[in-house]
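# Breakdown of the fold
Single-letter residue listing:
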Amino acid sequence: MKCGWHEHSRQFVLVPQSADDKEKIEVLRKRGLARPDMIRGCTWVSEACWADLYEWGWSDDSLRHLFRRYTEDLPGGGWGRPIGHGLEDLPFYRNPDYLKPYQKEAIMRARDAYLAKRKGYGIYLPMGSGKGLVLLALLKILQAADGFHGMLVVCPKRVIAEWYAEWQKHLGGMPGAHEFLAVNYESLRTSKGLDVVRQFAGNRRILGVFDEAQALGSATSQVTEGAVTVANLCRFVVPMTGTPVRNRPKSFLPIYRLSTGAVITEQQFDRKFPERLYPDGRRAYKNLKQFAPVFRSIGYRRAEEELGLDLPPPTVRLVTVPLSPSQRSQYTQMAQEFYATLKGMDDQEFRVVAKSGLAQVTRLLQLSSHPGLMGDSVNDGYIERMRVVDEILAEAGGEKAVVWSRHPDVLTRIGFRHPDRLPVVLHGQTGKSAAWVDAEKVRFNTDPTCTLGCFSVTAFGQGLNLQENCRLAIYWDLTWAYEKHAQSMKRLDRLGQTRQVHIVVLLGRDTIDPYIWQLLTSKRQDEEIMTGVPSGRALTEEMTRDGLMAALKKGLKIR
């Protein structure tokens with residue numbers, strides 16, 4: 001078997017020499033991972049097949065070098081090795097403590113990827129660990145070493161202001177229009193947005209940064225295609241996110257496309273790493289560990305314990321709360337109807353109606369947590385979750401607290417019940433300007449009389465920095481979107497937090513809520529398999545309502 005490696009497309013090139021070689025390639029072709037090239041007389045094989053090829057025992061020098069990249073965690077060089085001059089006046093060179101060791105290593109690896117003429121390199125450090133500073137330092141290094149002209153940042157709309165604040169904080173002053181441009185992901189759907197990027201990039205050397213890159217969605221979405229177009233305009237690309245696995249392992253594929261320029265479809269991923277659903281709801285991916293070396297070879301990630309941040313681990317307390325009688329009646333009726341429908345289906349029928357089944361499960365989740373479904377005439381006092389929130393806030397005293405929920409009217413009700421805390425209420429239906437929203441964020445962080453923040457998990461789970469004065473969070477309900485839950489938890493537990501973070505999760509008794517929590521846990525385990533590092537330090541325990549109040553009074557010492 002003759003074989004080679006095409007660095008630009010990140011695919012293997014195979015030329016069979018025997019019948020046995022042809023049989024092996026045919027196996028890969030049936031999986032959808034091999035593409036014959038009749039013109040060149042070879043076969044192109046996806047990078048995801050590296051383990052299969054390695055097991056066949058080939059001794060080609062280029063392949064051995066490639067497999068060492070996958071199987072060995074090489075440091076890639078020393079931080080002290082110069083790449084250029086003229087950086088002596090930058091704060092991260094004058095002050096050796098300005099950049100932490102893991103930030104220096106991330107910069108070094110991205111720099112080495114650029115020197116190796118790679119398309120890009122991902123930075124997947126945990127949320128709140130200072131990834132923005134890493135990219136600003138990398139930009140200055142590339143400007144001095146290879147004449148880079150500027151940085152293009154693609155990020156969620158609510159994060160744009162954070163980037164300008166980071167620039168002003170670390171580099172001093174505001175960037176020039178020729179040096180820095182930040183656009184949101186939705187603008188990549190339109191030709192007007194892409195034209196703005198093309199005008200900024202031109203023929204210049206641009207560092208492209210995709211912040212919160214998990215927001216791209218599927219590997220073939222319109223936003224992803226726009227992001228690939230933008231990446232082709234940049235000399236070097238850095239996808240950046242604390243949650244590279246958005247919800248399922250194949251949600252990493254858009255980031256893979258940006259980092260490598262290669263394409264692996266979701267169908268190819270499903271064939272290589274088939275998913276198995278167990279009767280108890282657990283999911284598992286066959287051969288997923290084989291993708292972990294590919295993941296680590298195109299990005300940098302470290303466990304929170306390895307960063308040396310000396311942050312106390314957050315405490316997550318699960319509290320079961322009974323439903324009100326009207327909620328229980330409606331929930332039981334819908335659950336019985338849903339169970340009867342599922343019981344009469346075979347596996348094929350279940351897959352056909354999976355989308356409608358998901359809608360019914362969502363309805364069950366809403367019934368267990370949304371008092372607004374009972375009607376406006378329902379007294380909040382009959383909603384047990386509301387009573388628990390009131391008790392927690394009473395024990396917190398003057399301590400700042402955050403309440404997370406997916407329901408805007410729930411957040412509004414909680415804020416209305418506690419006017420003495422001068423609450424900040426922000427959700428997707430907030431009909432205010434961006435300047436007003438930013439002012440409310442600042443008020444919660446700086447005003448000592450404002451001690452309650454009611455935030456939407458879906459709309460404000462990103463772009464909030466609450467670590468300076470807040471350490472108590474309450475989850476009214478859950479979402480099965482792993483990325484949204486993980487991002488919102490890190491709004492408090494991040495660089496700059498000096499106290500232990502306390503998180504309370506409210507679960508409906510005898511409802512779907514505990515299953516959703518188990519689902520989030522399984523998704524976190526999938527991320528750990530892909531990245532090869534633990535994804536969290538949280539200490540989780542189940543508690544009764546009385547036990548929670550006792551912990552608030554004695555153990556947590558909120559006051």
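Presented here is a report on the structure given in the accompanying data block. By convention here, each chain's residues receive numbers from 1 onward along its written sequence. Confidence filtering applies because this is a predicted model: local features only for residues at pLDDT of at least 70, side-chain atom pairs given and counted only at 80 or more, and all residues used for totals across whole chains, interfaces and linings. Side-chain descriptors were evaluated using all non-hydrogen atoms of the structure, hydrogens and water having been removed beforehand.

With that settled, consider the overall build of the chain. Broken down by element type, the chain carries 22 helices and 19 strands. Relative accessibility decides the category of a residue: with a 1.4 Å probe and only protein chains considered, values under 20% of the type maximum give buried, values over 50% give exposed, and everything between is partly exposed. Per-residue burial over the chain gives 54% buried out of 559 residues. Only heavy atoms enter the contact rule, under which two residues are in contact if any of them lie within 4.5 Å. Within the chain, contacts between residues separated by at least 24 positions form 77% of all contacts whose residues are at least 6 apart in sequence. Accessibility throughout is a Shrake-Rupley quantity obtained with a 1.4 Å probe, and a residue counts as covered only by protein chains that appear here. Here the chain has roughly 25100 Å² of accessible surface; of this, 51% comes from carbon and sulfur atoms. Secondary structure elements follow DSSP: runs of H or I no shorter than four residues count as helices, runs of E no shorter than two count as strands, and numbering proceeds from the N terminus.

One requirement defines pairing of two strands: DSSP has to find at least two bridges between them. Overall, parallel pairing links the seven strands, which are arranged E15-E16-E14-E17-E18-E13-E19 in an open sheet. Pairing within the sheet leaves two strands with one partner each, and these edge strands are strand E15 (424–426) and strand E19 (539–543). Going across the sheet, the axis of each strand differs from the next one's by a mean of 20°, ignoring polarity. All axes are obtained by fitting lines to C-alpha atoms, using only the stretch in contact for helices, and the reported angles, taken between N-to-C directions, cover 0 to 180 degrees. Packing of helix H17 (residues 408–417) onto the sheet brings it into contact with strand E14 (401–405), E15 and strand E16 (452–456), and relative to E16 it is tilted by some 175°. Helix H20 (residues 482–489) contacts strand E13 (315–321), E14, strand E17 (472–475) and strand E18 (502–508) of the sheet and is inclined by roughly 155° relative to E17.

Turning to unusual backbone geometry, a few remarks are in order. With glycine set apart, most residues show a phi of negative sign, and most peptide bonds adopt trans. Of note, the phi angle at glutamate 212 is positive, near 50°, even though the residue is not glycine. Relative to the helices and strands, glutamate 212 resides in the loop between strand E8 (206–211) and helix H9 (222–232). Judged by its relative accessible area of 11%, glutamate 212 falls in the buried class. Backbone geometry places aspartate 510, a non-glycine residue, at a positive phi of 55°. Considering the arrangement of structural elements, one finds aspartate 510 in the loop between E18 and helix H21 (513–531). Exposure remark for aspartate 510: the relative accessible area of 62% places this residue in the exposed category.

Bringing the sheet that holds strand E4 (residues 42–46) into the picture now. With antiparallel pairing, the four strands of this open sheet are ordered in space as E1-E2-E4-E3. Pairing within the sheet leaves two strands with one partner each, and these edge strands are strand E1 (2–6) and strand E3 (34–37). In this sheet, neighbouring strand axes are inclined to one another by 25° on average, regardless of whether the strands run parallel or antiparallel. As defined by bridge partners, E1 adjoins strand E2 (residues 11–15) across five bridges and the pair is classed as antiparallel. Each residue of the ladder has a partner; that of tryptophan 5, found in E2, is phenylalanine 12. In the packing of helix H1 (residues 19–30) onto the sheet, the strands contacted are E2, E3 and E4, and the crossing angle to E3 comes to about 115°.

Stacked, tilted and edge-to-face are the three classes assigned to paired rings of Phe, Tyr and Trp, where Trp is represented by its six-membered ring and a pair needs centres within 6.5 Å; plane angles under 30 degrees give stacked, over 60 edge-to-face, the rest tilted. Applying the stated criterion to the full structure yields eleven aromatic pairs. With centroids separated by 4.4 Å and ring planes inclined at 35°, the aromatic side chains of phenylalanine 252 and phenylalanine 295 adopt a geometry described as tilted. A residue pair is termed long-range when its members are at least 10 positions apart, and phenylalanine 252 in the loop between strand E9 (236–240) and helix H10 (253–260) and phenylalanine 295 in helix H12 (residues 291–297) qualify at 43 residues. Take phenylalanine 252 and phenylalanine 295: they sit in the same class, and that class is buried. Whether a charge sits over a ring depends on NZ of Lys or CZ of Arg being within 6 Å of the ring centre and within 35 degrees of the ring normal. Against the face of phenylalanine 200 rests arginine 204, its NZ or CZ located 4.9 Å from the ring centre. For the cation-ring pair, lysine 400 lies above phenylalanine 444, with the distance from its terminal atom to the ring centre recorded as 5.0 Å.

Turning our attention to H1. What a helix is expected to span follows from its residue count: subtract one and scale by 1.5 Å. Relative to the 16 Å expected for twelve residues at 1.5 Å per residue, H1 spans 17 Å between its end C-alpha atoms, a close match to the ideal helical length. Looking at H1, one finds that the buried residues are Asp21, Ile25 and Leu28. In an axial view of H1, the angular spread of the buried residues amounts to 50°, which keeps them on one side of the axis. Across H1 from its buried face, at more than 90 degrees, point the exposed residues Ala19, Lys22, Glu23 and Lys30. Each direction from the helix axis to a C-beta atom contributes to the arc, which is the arc of those directions.

On to the side chain of lysine 523, then. Relative to the elements of secondary structure, lysine 523 occurs in helix H21. We count Lys and Arg on the positive side and Asp and Glu on the negative side, and we leave His and both chain ends out. Each reported salt bridge corresponds to a side-chain nitrogen of Lys or Arg within 4 Å of a carboxyl oxygen of Asp or Glu. Of the buried charged residues, lysine 523 lacks a salt bridge, with aspartate 526 as the closest side chain of opposite charge at 8.1 Å.

We now examine the nonpolar core. Definition used in this section: a nonpolar core is a set of buried Ala, Val, Leu, Ile, Met, Phe, Trp, Tyr and Cys residues joined via side-chain atoms within 4.5 Å. One finds Leu152, Phe210 and Phe252 to be the most contacted residues of the largest nonpolar core, which totals 54 residues. Counting residues per element, this core draws most heavily on H9, which supplies five residues. Setting aside anything within four residues of it in sequence, one finds leucine 152 in contact with Leu181, Val183, Val197, Phe200, Ile206, Leu207, Gly208, Val209, Val230 and Cys234. Formed by 41 residues, the second largest nonpolar core is a distinct cluster that contains Leu318, Phe455, Val457 and Leu507.

Our focus in this paragraph is the pattern of salt bridges. One pass over the full model with this rule turns up 24 salt bridges. The residue glutamate 399 makes a salt bridge to arginine 499 at a minimum N-O spacing of 3.0 Å. Residue glutamate 399 is found in the loop between helix H16 (384–396) and E14, and its partner arginine 499 is found in the loop between H20 and E18; the two are separated by 100 residues along the sequence. Its relative accessible area of 30% is what places arginine 499 among the partly exposed residues. Taken together, the salt bridges that share partners define one network made up of Glu105, Arg109 and Arg302.

Among the five residues of E9, five are classified as buried, and the element is accordingly described as predominantly covered. Here E9 shows no split at all, with Phe236, Val238 and Met240 on one side and Val237 and Pro239 on the other all buried. Relative to E9, E8 runs parallel, the two being bridged by five bridges. Paired with valine 209 across the two strands is valine 238, which belongs to E9. Throughout, right-handed denotes a crossover for which the path from the first strand over the helix to the second runs clockwise when the strands point away from the viewer. Handedness of the β-α-β unit built from E8, H9 and E9 comes out right-handed.

Let us now look at the side chain of threonine 430. Relative to the helices and strands, threonine 430 is located in the loop between E15 and helix H18 (434–446). Given the relative accessible area of 18%, threonine 430 is considered buried. Whenever two N or O atoms come within 3.5 Å, that pair is a polar contact, provided that in protein one can donate a hydrogen and the other can accept it, and provided that, for residues adjacent in sequence, both atoms are side-chain atoms. Among the polar contacts listed, one links the side chain of threonine 430 to the backbone oxygen of histidine 427, at a separation of 2.9 Å.

The next thing to look at is the packing of H9 against H10. Between H9 and H10, the shortest axis-to-axis distance is 10 Å and the interhelical angle comes to 15°. In terms of axis orientation, H9 runs roughly parallel to H10. When you trace H9 past H10, the crossing you get is right-handed. Side by side, H9 and H10 meet where Thr224, Glu225, Ala227, Val228 and Ala231 of the first sit next to Pro254, Arg257 and Leu258 of the second. Residues are sorted three ways: Asp, Glu, Lys and Arg are charged, Ala, Val, Leu, Ile, Met, Phe, Trp, Tyr, Cys and Pro are nonpolar, and all the rest, Gly among them, are polar. Its residues placed into classes, the contact of H9 with H10 shows five nonpolar, one polar and two charged. To sort the angles, those under 35 degrees are grouped as roughly parallel, those over 145 as roughly antiparallel, those from 65 to 115 as roughly perpendicular, and the leftovers as oblique. In this scheme, a crossing is called left-handed if the near helix is turned counterclockwise away from the far one by less than a right angle; it is called right-handed if the turn is clockwise.

Moving on: the pairing of strand E6 (residues 150–155). Counting buried positions along E6 yields six of six residues, so the element is predominantly enclosed. Across the two faces of E6 the burial is the same, with Gly150, Leu152 and Val154 and Met151, Val153 and Cys155 all buried. As paired elements, E6 and E8 share five bridges and run parallel to each other. Bridge pairing links valine 153 to valine 209 in E8. Looking at chain direction, E6 and strand E7 (residues 180–184) are connected through five bridges and run parallel. Bridging from a neighbouring strand, methionine 151 pairs with phenylalanine 180 of E7. Each parallel crossover has a hand, and the one from E6 via helix H7 (residues 160–171) to E7 is right-handed.

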